[in-house]
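Spelled out from the first residue to the last, the chains are:
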Amino acid sequence: MRFSNSPLAPFVPIMTLLAATLVRAPKNIFPKSLTRKLLPLLLGVSTLFSAVQQAAAIIDASRQMQLGNPTGVTADPNNHSHYLIQRSVESIDYSDTNGCPNWASWDLTASDVGLIDRSDAWAVDTSLPPGFRNIGTGTYGTVNGTSYDRGHMCPSQDRTDTLPDNVTLFIMSNLIVQDSKNNEGLWGAFEGYCRTLISTQELLITCGPYNFGSTTAGASHVYVASNIFKVVVCAPLGTGSALSRITNANPSSIRVIAIETPNNDSVSGHTWQNYITSTKQVQQDTGYNFFSALPNNLAWVLRSKVDGQAPAAPGSISFSPLSGFVATGITITGANMDSTTNVTFNGTSASYTINSPTQITAFVPTAAASGPITVTTLGGVVTS
């Protein structure tokens with residue numbers, strides 16, 4: 001049970017305040033008998049509910065990479081380009097070469113956002129393997145006329161349930177060199193928008209920089225990327241893991257928000273909606289493999305989505321061979337095949353595998369008779 005969803009949640013601050021008032025009130029304001037009776041009750045109830053609330057805010061390393069490992073990174077201390085960091089608050093593919101994450105991944109729920117203030121506890125990552133360089137906590141300043149911030153990947157406000165969780169996000173391995181107008185403008189606005197969704201959704205988030213050049217910033221010479229991406233998958237609330245809920249849901253009901261932004265001042269005056277794209281495009285631009293923990297077909301469908309846009313229609317299709325026995329693989333070619341949700345042979349449902357945006361392989365089902373092949377996608381239905 002998440003305490004934040006309990007009807008008693010609004011009364012916790014009230015009970016705590018009443019208890020504090022009784023303790024601090026001048027003598028004779030309240031009768032001693034009333035104080036003796038109410039104070040233990042209010043303190044006890046407040047403590048109990050606070051404990052329940054703390055227990056409900058489950059942040060665990062196993063939750064932070066539910067959709068998969070986009071780069072197949074491992075905790076190999078000899079790999080300075082891709083080193084896996086797994087913390088209770090997030091997972092990171094860290095580049096010692098660049099001095100910052102390649103990507104960070106985390107789970108966000110309503111219980112992760114509380115009343116803890118931003119800690120600003122900037123800290124060197126002392127947990128990195130021997131031979132990795134120490135990135136100092138100093139600001140990045142201005143380089144070639146551009147002002148840069150220490151940009152959080154998992155943001156501070158996504159971990160305000162406990163002070164230790166918030167403090168962890170200020171370890172330098174969670175930070176990139178981020179254009180100040182990007183970080184303080186549309187990026188911050190998108191982070192805030194995502195938090196407005198958590199009353200009805202559980203969010204699985206991955207973000208990171210890409211396209212590094214030769215420019216560095218700060219005394220530790222952290223490399224500056226030309227672009228930043230973020231992919232957000234919205235899982236419906238319910239029992240079980242977010243991964244299981246996504247896997248068992250109708251693909252059309254799963255919202256996926258992907259953005260790619262320049263890491264420079266050109267974003268000034270723009271909103272995050274100006275940079276919406278598909279996860280498929282992010283995958284092409286980064287070389288990463290998103291949603292590897294999902295079934296193949298579902299992963300393809302979710303990668304094809306562009307938030308706020310109607311799915312593209314499938315167009316015409318062709319297939320080969322023209323006939324076959326049961327279980328024969330039939331190659332079907334057409335446009336926007338990567339959003340396929342169903343295939344039938346003369347009305348009989350068939351299993352299929354999405355191979356690319358333009359091709360699927362469907363297998364002749366038992367009891368299929370000669371007739372048309374129909375492919376249903378998020379964008380429509382096409383019949384051969």
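Please refer to the structure higher up on the page.
Residues numbered from 1 in each chain as written. Predicted model: local features only at pLDDT ≥ 70, side-chain atom pairs only at ≥ 80, totals over all residues. Heavy atoms only, no water.

This next bit is on the overall build of the protein chain. If you tally the helices and strands in the protein chain, you get 7 helices and 18 strands. In the protein chain, once contacts between residues fewer than 6 apart in sequence are set aside, the share between residues at least 24 apart is 66%. (Helix = DSSP H or I, 4+ residues; strand = E, 2+ residues; numbered from the N terminus. Contact = heavy atoms within 4.5 Å.)

Among the structural elements, V73 can be located in the loop between α2 (32–56) and β1 (83–86). We classify V73 as buried; its relative accessible area is 5%. Distance in space between the C-alpha atoms of V73 and Y94 is 9.0 Å, their sequence separation being 21 residues. Setting aside chain neighbours within four positions, we find V73 in contact with H82, Y83, L84, D93 and W103. (Buried < 20%, exposed > 50% of the residue type's maximum accessible area, 1.4 Å probe, protein only.)

Turning next to the side chain of S220. For S220, the position within the fold is in the loop between β7 (201–217) and β8 (222–236). Overall, the relative accessible area of 18% leaves S220 in the buried class. One polar contact links the side chain of S220 to the main-chain amide nitrogen of G136, over a distance of 2.8 Å. S220 has contacts with R133, N134, I135 and G136, leaving out every residue within four places of it along the chain. (Polar contact = N/O pair within 3.5 Å; in protein donor to acceptor, adjacent residues only side chain to side chain.)

This brings us to helix α6 (residues 279–286). Within the sequence span of α6, burial applies to T279, V282, Q283 and T286. Looking down the long axis of α6, one finds its buried residues gathered within 100 degrees of arc, a one-sided arrangement. Turning to α6, the residues buried within the fold contact β7, β8, β9 (255–262), β10 (276–277) and α7 (296–304). Two residues or fewer past α6, G287 is found with a positive phi of approximately 80 degrees. (Arc of directions from axis to C-beta.)

What follows concerns the pattern of salt bridges. Considering all chains together, one arrives at 10 salt bridges under this definition. Ionic pairing is found between R245 and E202, a salt bridge with its closest N-O pair at 2.8 Å. With R245 in helix α5 (residues 242–247) and E202 in strand β7, this residue pair connects regions lying 43 residues apart in the sequence. Residues joined in a network through salt bridges with shared partners are R63, D107, E202 and R245. (Salt bridge = Lys/Arg side-chain N within 4 Å of Asp/Glu carboxyl O.)

The tally for this structure, following the rule as stated, stands at 9 aromatic pairs. Here the aromatic residues Y210, F229, Y288, F290 and F291 are joined through ring pairs into a cluster of three or more. The ring centre of W122 lies 3.7 Å from the NZ or CZ of R150, which sits over that ring. (Phe/Tyr/Trp six-rings, centres within 6.5 Å; stacked < 30°, edge-to-face > 60°. Lys NZ or Arg CZ within 6 Å of the ring centre and 35° of its normal.)

Attention now goes to the pairing of β9. Working note: regular strand, side chains alternate between the two faces of the sheet. Judged by how many residues are buried, β9 sits mostly within the fold: 7 of 8 residues are covered. Where β8 and β9 come together, 8 bridges link them in antiparallel fashion. Following the sheet pairing, I228 is matched in β9 by T261. Where β9 lies against β10, 2 bridges are found, and the strand directions are antiparallel. Within β10, the residue paired with A258 across the bridge is T277. (Pairing = 2+ DSSP bridges.)

This part is about the sheet that holds strand β18 (residues 380–383). Pairing is antiparallel in the open sheet, where 4 strands are placed in the order β14-β13-β17-β18. This sheet does not close on itself; its edge strands, each paired only once, are β14 (348–349) and β18. Sheet topology places strand β17 (residues 373–377) next to β18; 4 bridges connect them, and they run antiparallel. Residue pairing across strands places T374 opposite T383, the latter belonging to β18.

Bringing the sheet that holds strand β4 (residues 141–143) into the picture now. The strand order β4-β5-β6 describes an open sheet built from 3 strands, whose pairing is antiparallel. Looking at strand neighbours, the two that pair on one side only are β4 and β6 (175–179), the edges of this open sheet. Sheet twist, expressed as the mean angle between neighbouring strand axes with direction ignored, is 45 degrees. Bridging between β4 and strand β5 (residues 146–152) involves 3 bridges; their strand directions are antiparallel. Looking at the pairing, G141 lines up with Y148 of β5. (Axes fitted to C-alpha atoms, helices over the stretch in contact; angles between N-to-C directions.)

What follows is about the side chain of T277. Turning to its location among the elements, T277 is positioned in strand β10. Ignoring sequence-local partners within four residues, the contact set of T277 consists of A258, I259, E260, V282, K305 and V306.

Next up on the list: the environment of T216. Summarising the element assignment, T216 is placed in strand β7. For T216, a relative accessible area of 24% gives the class partly exposed. Linking T216 and Y140, residues 76 residues apart in sequence, is a C-alpha distance of 9.1 Å. When near neighbours in sequence (up to four residues on either side) are disregarded, T216 contacts V143, H221, V222, Y223 and V224.

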